Every structure is written in structure tokens, then in C-alpha cells.
Amino acid sequence: TANDSVNNIFTLENISFTVDGTVPQINNLTMNVTNGTNFTRSGVIMLNVSVNDSTTTPKIVIFELLNKQNGSQFNITLTSPGGVDEPFGRWTTDLVLSTLTDGHYEVRVYANDIVDNVNTSLSSSNVSFTVDGSAPTVNITSQSGATLSGVQQFNATVRDGTTLVNTVIFQFGNDTQAQNFTASNNSGTWGISIDTGVLSEGPQTMRVYANDTLNNVNRSITIGITIDNLPETIISGGSAAPTTPAA
């Protein structure tokens, strides 16, 4: 306070302010599943990170998900910390996997405080996962419409763009029965060699079943073939009347 010669009193007020030129601290980015886990496009992953500011207060935290397979990004923005049973300073979000495209994902965290100091430093390959909701692609390389006998090789090219092909099965069937044969892999070409004599005579549908390591199954690719292993019929006193010739 201050007063003049005639005792007028002037009271000074205290003025305070804060200077903050430091970005928030980001630590301990984690998720509630094992790093590197593969998922179909279903379920939820919980992401957690600690964000603190020693001078002011964190305002916004962004979880950026980078799809390493196609370069796309997906962001989740949080404007308040905490969650169920989470302490202040711990920022948590639930990531719904159905919102993501197929690919291998890594997580980066951005945080800014109330005076817009921004920290973009936390990126971790230790918080990564894969989403794959697509079945393998199948291309049958065996000839459609062929008439076959004896031992034959059947092949299909099977690829999966995100995870791995796990099992390929060739199924042969007609109106009364179906038989399955498990294929072996040779650099993406899956094939079987079988004696067609074990198959029913006549028209057959050959269908390829291919599933990846997350059990996404492609069963849509088929071709038609005909099996003919019957011997020629000999007519007495005449020439042989052949059945449909074998290829």
C-alpha cells in the first residue's frame, strides 16, 4: 500500500502469471494385448499413455495409428484423461477394430498443453498389431472343363496380403459325395497329386478352400472337370466302342 501527504491511501494488487515453454511429458505407451498380435476386424483394443505437464495442464492427446502396409493414418483425439479406474494423467481410449482397414499398425502419440506446446516425440514399434479381415485370394491354374484319368496334378495360386496362408484344401464332389485333399505349398503355389481313380466317375466340381492364420476362409473358387477311368468296352464281332477318351 501507499499514501500521500494528505493521507490518501493507494493499495497495490498482486499480479501473477505463468510462463510455460515446455512440452508435456509422454511416457509408458501400452495396450492391453500382446505386442504384435494379429486380429480380425472385430473386438476392441485399449490404448494407454501417461501425459503430464509440470507447469500447466495437458489439453489434448492424439493416438495416431499408422498403417505400415498402405501408409494410411487413423487418429483418435482425447480431450480429457482417465477412464474407468484410471488415475489422472493416464489417458485411455478403446480402439474398435472394425473401424480399421487391413494392415500392420504402429501407434504414435501427440500431446499438447493449454498453451499449445506440442510433444510429437513418442512413437513406438513396441505398440504394434495387425488387422486382417480378408480371406486369401485363390486362382486355380488347373484346366477347367478337362476330362481326366490316371494320376493328375492340381494346382492353385493362393496369396494373403496381410497375414499368412495356413491351409489349402482341394475338394472334389458330385451330386452324391465329396472328397477332400490337403495341398502342400511351393512358394505360393499350392498343389496335390492324386490318382483320379479314387474319385467318382463323371462330372466333378473341384472347389478350393483356403484359410489364413486368422481363419478368414475363401471357398468361392471352383472349376468343373470330368473323371473317366473306365476301360474301353469291346463289342463282340466288331471294333471297340470307346468311352469318352482320357486326356
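Coordinates for the structure precede this section.
Predicted model only: the values in this text are computed from it and were never measured. (Residues numbered from 1 in each chain as written. Predicted model: local features only at pLDDT ≥ 70, side-chain atom pairs only at ≥ 80, totals over all residues. Heavy atoms only, no water.)

A.B. asks: Where do I start with the sheet that holds strand β11 (residues 137–140) in this structure?
C.D. replies: Picture the strands of a sheet paired through backbone hydrogen bonds; they go either parallel or antiparallel. Pairing within the open sheet is antiparallel, and its four strands lie in the order β11-β13-β17-β16. At either end of the open sheet lies a strand with only one pairing partner, and these are β11 and β16 (184–186). Ignoring which end each strand starts from, the neighbouring axes of this sheet average 35 degrees apart. Judged from the seven bridges that link them, strand β13 (residues 151–159) and strand β17 (residues 189–195) form a sheet pairing that is antiparallel. Paired with Phe 154 across the strands is Ile 192, a residue of β17. (Pairing = 2+ DSSP bridges. Helix = DSSP H or I, 4+ residues; strand = E, 2+ residues; numbered from the N terminus. Axes fitted to C-alpha atoms, helices over the stretch in contact; angles between N-to-C directions.)

A.B. asks: I'm lost on the side chain of Ser 200 in this one. Help?
C.D. replies: Secondary-structure assignment places Ser 200 in the loop between β17 and β18 (202–212). Looking at Ser 200, its side chain comes within polar contact range of the side chain of Gln 177, at 3.4 Å. Apart from residues lying up to four places away in sequence, Ser 200 is in contact with Asn 174, Gln 177, Gln 179 and Ile 227. (Polar contact = N/O pair within 3.5 Å; in protein donor to acceptor, adjacent residues only side chain to side chain. Contact = heavy atoms within 4.5 Å.)

A.B. asks: Quick question: what am I supposed to make of the sheet that holds strand β5 (residues 44–52) here?
C.D. replies: The antiparallel open sheet is built from three strands, whose spatial order is β3-β5-β8. On the outer flanks of this sheet lie β3 (25–31) and β8 (90–96), each paired with one strand and no other. Mean inter-strand twist for the sheet, computed between neighbouring axes without regard to direction, equals 20 degrees. Across five bridges, β3 lies against β5 in antiparallel orientation. Of the residues in β5, the one forming a bridge with Thr 30 is Asn 48.

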